[in-house]
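# Observations on chain architecture
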Amino acid sequence: MRRAVSPQFSPGRIRSFLEGIWTVASRLRVCIDAKISHQSIINVSDLSARYIIDTTGNCVFGINSKALDEDDSFLRSVAEKIFTMTRVKMLRHLFMQSFGDIARLFRMRMTKREVEEVFISRNCTQLHSDSFMQLKQKLQKEGKLTESQVVTQAFIFLVVGFETSAIHQSRTT
């Protein structure tokens, strides 16, 4: 899989995403200006997470997730479902890590099936031609990646984009 995916991370390919990042950054500036005019205190962590979700949606999924504009945007709600930790979810994770063989026997999942279905059903027609998902779907059609690998890559990009980047960005502002 690494051999099939590595060319997607060439400097030229990464450079092609700068326009999308710049577009989302300009929308972030407008959003911040609007919030400053209405509020004296701004939640930078929330804005950072919204910016990262929009950037991830634009560059990875090729969609406009509208996370900066809407509180209930599609990708933001999916990310919240992934990261919302309940006691039952924590116990399930602990059980699966401690007793992996038994968890596989009972086909236990780390994520809810509905979240997995979101990534499976995102074989959209609205994708940009230069998004990572479009390239991965092309590799899937060529037989170089399976559907499971494409879904896993989409999940990883969303998780990394939402959590890690937003935390680091909010700590530096």
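See the structure shown above.
Reading the values: the criteria
- All residue numbers refer to position in the chain's written sequence, counted from 1.
- Restriction of local features to residues with pLDDT of at least 70 applies here, the model being predicted, together with a cutoff of 80 or more for giving and counting side-chain atom pairs; totals for whole chains, interfaces and linings are based on all residues.
- Each side-chain value is worked out from all heavy atoms of the structure, with water and hydrogens disregarded.
- Numbering of helices and strands runs from the N terminus; a helix is a DSSP stretch of H or I covering at least four residues, while a strand is a stretch of E covering at least two.
- Each residue is assigned to one of three classes by its accessible area relative to the maximum for its type, calculated with a 1.4 Å probe on protein chains only: buried under 20%, partly exposed between the two thresholds, exposed over 50%.
- When checking whether two residues touch, look at their non-hydrogen atoms; a contact exists if any pair is within 4.5 Å.
- Areas reported as accessible are Shrake-Rupley estimates using a 1.4 Å probe. Residue values count occlusion only from the protein chains shown.
- Throughout, nonpolar core names a set of buried Ala, Val, Leu, Ile, Met, Phe, Trp, Tyr and Cys residues whose side chains join them through atoms within 4.5 Å.

This part is about the overall build of the protein. In terms of helices and strands, the protein carries 10 helices and zero strands. The secondary structure elements of the protein, listed N-terminal to C-terminal, are α-α-α-α-α-α-α-α-α-α. Among the 173 residues that make up the protein, the fraction classed as buried is 38%. The long-range share in the protein, meaning contacts at least 24 apart out of those at least 6 apart in sequence, stands at 64%. Here the protein has roughly 11,100 Å² of accessible surface; of this, 56% comes from carbon and sulfur atoms.

Another aspect to go through is the nonpolar core. Among the nonpolar cores identified, the biggest contains 22 residues, and Ile53, Val60, Phe61, Leu75, Met133 and Leu158 are the most heavily contacted of them. Counting residues per element, the ones that place at least two in this core are helix H4 (44-61), helix H5 (74-83), helix H9 (132-141) and helix H10 (147-172). In this structure, Leu28, Cys31, Leu47 and Ile52 belong to the second largest nonpolar core, which totals seven residues.

Assignment of secondary structure puts arginine 76 in helix H5. Judged by relative accessible area, arginine 76 falls into the buried class, the value being 9%. Sequence-distant contacts of arginine 76, that is, excluding residues within four places in its chain, are made with Asp46, Ala49, Arg50, Ile53 and Phe162.

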